Each structure stands twice: as C-alpha cells, then as structure tokens.
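Observations on the model geometry
Each chain, letter by letter, is given below.
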Amino acid sequence: MRLVVEHGLRVRNWQRAWIPSYFCQEVVESLMATGIASERYPDYPSAGSVSNIDELDYRAGDVVFVVNQFGIRQRPNYQALEAQNVDTIEDHTHDPWSRWAKSSLATYCVASLRKTLPVPDGGVLWSSSDLSLPHQPPIIEERELASSRRLAAMVLKERYLRGDSSCKKAFRELYQLGESHIADGRISGATQTSVELIKSFDVELWRRKRDANIRELTEGLANVDGIDLADLDSIPSGQSAFSLLLLAESQALREHLRTSLVSGSVYPAILWPMTAPGLSPSAQDIDLSCKLLSVHADGRYASEDLQRIANIIRRSCEQFRSYS
Ligand SMILES: Cc1ncc(COP(=O)(O)O)c(C=O)c1O
C-alpha cells in the first residue's frame with residue numbers, strides 16, 4: 001500500500017487520499033507515513049455498497065481508497081469520480097479472488113495475502129487500467145526476519161494443533177514478535193518462501209472451503225438472539241465472506257462472547273480496534289468496533305470445529321441473556 005501511494009505521489013500527482021473511516025488503523029498510519037494528506041469518509045462494513053464516495057468534496061490530486069471490507073461490500077460505480085479525474089485504489093485483502101477484484105475498474109488494486117492464505121508475508125499490486133507499476137522492491141532484512149519468525153510460529157502452531165501443548169508459549173511469542181516487526185523499515189518485496197508457497201497452493205480450493213465453512217457456521221447460528229450476522233444471500237455474486245462477521249447488540253455481549261470463545265480455545269479477532277492515537281474515529285466507528293467480532297472459519301476448520309464454535313456462541317448468548 002505504501003508502494004502504490006509513493007508511486008502515485010510521483011507519477012499521478014496525488015496529493016490527498018480519502019480513506020474509509022472504518023479501516024485497520026495501522027494501515028491508515030502507514031499510509032499517512034508516506035506524507036500524503038488524508039481525509040476520512042464514513043464507510044462501514046455493515047453498509048452494503050460503498051455509496052457515498054460520489055458525494056465527497058474532491059479537488060485535483062485526490063485519490064480514494066475503497067475497501068472490500070470482509071469481502072461482503074458492493075462495488076461502487078466510479079463514473080462520477082472519473083468525470084472529476086479522481087483516481088481509486090481498491091483493497092481486496094479480504095477476498096483477492098472475487099469477481100469484483102478480477103474485473104476491477106479501479107486505477108490500482110492491492111491485497112495483502114497473509115490474511116487469506118497460509119503465508120507469512122506478501123502482497124500484490126496490480127492495475128486493471130494497465131497503468132505503469134512501480135518496480136518490485138527487494139526483500140529487506142527486517143521483513144526477512146519478521147517473516148521467518150511468523151513461519152516458525154506457523155510450524156510450531158501446527159504441532160500444537162496436533163496435540164503438543166508444549167509449543168503454545170513459543171508459537172504465540174514468535175507470532176507476536178513477527179507481527180510487531182512485519183512493517184518495519186523500508187518497503188519490502190515478498191519473501192521467497194511466501195512466493196513459493198503461493199505457487200504450490202490450491203488457492204481456489206482453499207477459497208471454496210472458506211466460503212462453505214462460513215455458510216455452515218452462519219446456518220448453525222440461525223435465530224440466536226443478541227447477535228446479527230452478515231446476510232450471505234445479499235453478498236454480490238462472485239464474492240466470498242472473509243470470516244463470520246458478528247455484530248453483538250452491546251459491547252458487554254461482544255466481550256462475553258469473546259471471553260467464552262477464548263476459554264474454548266477459539267480465538268476470534270477484533271477488526272478493528274479504533275485506538276490509534278491521533279486518528280480521531282467517530283462515535284459510530286468506535287461503537288461498531290466495540291460490537292463486531294470476526295470469527296475465523298477458513299479451510300483449516302472441519303465440520304465438527306464449526307459445530308463446536310456455533311455451540312459456544314449460542315450458549316454464550318443464552319447465558320448472557322439469562323444474567324441480564
Ligand atoms: C483490509 C486490510 N488491508 C490491508 C491490510 C494490511 O495487511 P499487511 O499487514 O499484511 O500489510 C490489512 C491488515 O489488517 C487489512 O485488514
């Protein structure tokens with residue numbers, strides 16, 4: 001992402017980026033580190049289409065980030081932006097193989113690959129408008145080290161999942177260490193390990209499995225009081241949800257659910273905490289961030305796992321309601 005912004009600052013005279021208000025705060029911070037001026041526009045994963053970008057107050061040199069958050073958003077129409085010469089960058093991290101990504105009309109597209117594939121690092125940048133791309137950057141030492149720590153964590157975690165609980169502390173420490181240094185230093189290319197892993201991986205099979213798993217988990221949670229799940233029938237065709245996206249009716253219920261899942265060794269994600277200093281999220285951003293929970297259900301999970309997760313969520317919601 002930094003690479004495309006630095007490229008656009010040089011070759012497309014970008015001066016200001018419009019960034020969705022509900023977005024990973026570390027990513028926003030790293031975009032701002034390029035020196036581009038920025039504005040936030042209200043945009044939430046619960047909203048369906050990214051509709052309000054037509055109405056922003058553009059000026060020359062503007063570029064808009066559009067994020068297919070959780071793989072469930074509807075592609076916007078760029079006609080009004082094209083008429084004003086406003087460029088677009090789409091982030092397809094949550095579903096890099098969607099029909100939208102493959103037939104994108106954006107100026108540039110990016111995707112981080114480690115969120116949907118079992119690789120320690122790596123991202124992809126393309127231009128569906130056939131514009132010039134920056135050169136592939138070399139791999140820097142900091143990335144090589146952070147990535148090798150993540151890879152070691154992945155190997156140890158596999159042993160842990162096979163029953164060797166002695167690896168748990170080590171894999172968690174290595175993950176945290178790798179994660180906290182993955183974006184250090186200059187912009188880096190992907191490591192050779194990630195490139196080779198991706199080449200030998202059946203991406204489509206993995207994506208289909210994720211899709212089927214999220215559908216199964218969603219069905220297993222039909223009619224549970226206190227939570228709303230993303231409506232899979234209204235996702236545009238050719239798109240696949242990133243995870244089970246759950247909106248709890250209150251922050252207290254979300255915390256109760258999270259604690260119950262963690263007690264059952266299920267580790268959901270909070271996407272995204274709105275805690276970065278200086279980014280001043282709106283009350284709506286903060287409220288959503290306190291009620292959303294993203295539960296992984298990718299190709300690693302078998303039917304029994306999904307049933308177990310659904311049972312924990314169902315029981316935990318019932319328990320919460322009986323307390324309150
Ligand atoms: C939607 C989205 N795009 C991009 C990124 C950045 O990914 P990476 O940390 O691999 O650069 C993230 C990270 O959380 C993300 O959630």
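Read across the sheet, 6 strands follow the order E2-E1-E3-E4-E5-E6 without closing on themselves; strand pairing throughout is mixed. Each end of this open sheet is capped by a strand with a single partner; those strands are strand E2 (37-41) and strand E6 (123-126). Ignoring which end each strand starts from, the neighbouring axes of this sheet average 20° apart. Sheet analysis places strand E3 (residues 62-67) next to strand E4 (residues 87-91), joined by 5 bridges and oriented parallel. The residue of E4 that forms the bridge with Phe65 is Ile89.

What follows is about the environment of Phe23. One can find Phe23 in the loop between strand E1 (16-20) and helix H2 (25-32). What makes Phe23 buried here is the crowd of 23 C-beta atoms within 10 Å. For the pair Phe23 and Met274, spaced 251 residues apart in sequence, the C-alpha to C-alpha distance is 8.6 Å. For Phe23, the residues in contact, after removing those within four places along its chain, are Val28, Val67 and Trp272.

It is worth spelling out the domain arrangement of the protein chain at this point. Taken domain by domain, the protein chain consists of domain 1 (2-126), domain 2 (141-185) and domain 3 (203-323). A straight line from the C-alpha centre of domain 1 to that of domain 2 covers 29 Å. Across the boundary between the two partners, domain 1 contributes 4 residues, which contact 7 residues of domain 2. Looking at the side of domain 1 that touches domain 2 residue by residue, the class counts come to 2 nonpolar, 1 polar and 1 charged.

Scoring rules and cut-offs
Residues numbered from 1 in each chain as written. Predicted model: local features only at pLDDT ≥ 70, side-chain atom pairs only at ≥ 80, totals over all residues. Pairing = 2+ DSSP bridges. Helix = DSSP H or I, 4+ residues; strand = E, 2+ residues; numbered from the N terminus. Axes fitted to C-alpha atoms, helices over the stretch in contact; angles between N-to-C directions. Buried ≥ 20, exposed ≤ 12 C-beta atoms within 10 Å, placed from the backbone. Contact = placed C-beta atoms within 7 Å. Domains from an automatic or database assignment. Nonpolar A, V, L, I, M, F, W, Y, C, P; charged D, E, K, R; others polar.

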